[in-house]
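Observations on chain architecture
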Amino acid sequence: MAVFAAANAALRARAVCEAMGVEITTDSINTVGLQLKRLAEQGILAETEQGLFP
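Scope of this entry: the structure provided in the associated data block. (Residues numbered from 1 in each chain as written. Predicted model: local features only at pLDDT ≥ 70, side-chain atom pairs only at ≥ 80, totals over all residues. Heavy atoms only, no water.)

A few words now on the pattern of salt bridges. Counting across every chain of the model gives two salt bridges. Between Glu 18 and Arg 14 there is a salt bridge; the shortest N-O distance is 3.4 Å. In this pair, Glu 18 and Arg 14 both sit in helix α2 (residues 13–20), four residues apart, roughly one turn of the helix. The salt bridge partner of Glu 47 is Lys 37, with a shortest N-O separation of 2.7 Å. (Salt bridge = Lys/Arg side-chain N within 4 Å of Asp/Glu carboxyl O. Helix = DSSP H or I, 4+ residues; strand = E, 2+ residues; numbered from the N terminus.)

Looking at the element boundaries, Ser 28 is found in helix α3 (residues 26–41). What makes Ser 28 buried here is its relative accessible area of 13%. Leave out the neighbours within four places in its chain, and Ser 28 touches Cys 17, Val 22 and Glu 23. (Buried < 20%, exposed > 50% of the residue type's maximum accessible area, 1.4 Å probe, protein only. Contact = heavy atoms within 4.5 Å.)

Attention now moves to the environment of Phe 4. Tracing the backbone through its elements, the reader meets Phe 4 in helix α1 (residues 2–6). Along the chain, Phe 4 and Gly 43 lie 39 residues apart, while their C-alpha atoms are 15 Å from each other. Setting aside its immediate chain neighbours within four residues, Phe 4 contacts Leu 11, Val 16, Leu 36, Leu 45, Phe 53 and Pro 54.

Time to look at the nonpolar core. By size, the foremost hydrophobic cluster in this structure holds 10 residues: Val 3, Phe 4, Leu 11, Ala 13, Val 16, Cys 17, Val 32, Leu 36, Leu 45 and Phe 53. Elements that contribute at least two residues to this core include exactly α1, α2 and α3. Looking at this core element by element, the count peaks at three residues for α2. Ala 13 has contacts with Ile 29, Val 32, Gly 33, Leu 36 and Gly 51, leaving out every residue within four places of it along the chain. (Core = buried A, V, L, I, M, F, W, Y, C linked by side-chain atoms within 4.5 Å.)

In structure tokens, the structure reads:
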């Protein structure tokens, strides 16, 4: 959540991985993307466009 608090724009899973210092691989991007979608389903985050989280 700190990544989103520091961001001044909506982020995609790859940008979240970069901000967290996670190695950029297809698997890590997909994993973070799924976690972001789960948070959106729970109402913790919003998904304004497909794959874009403010």
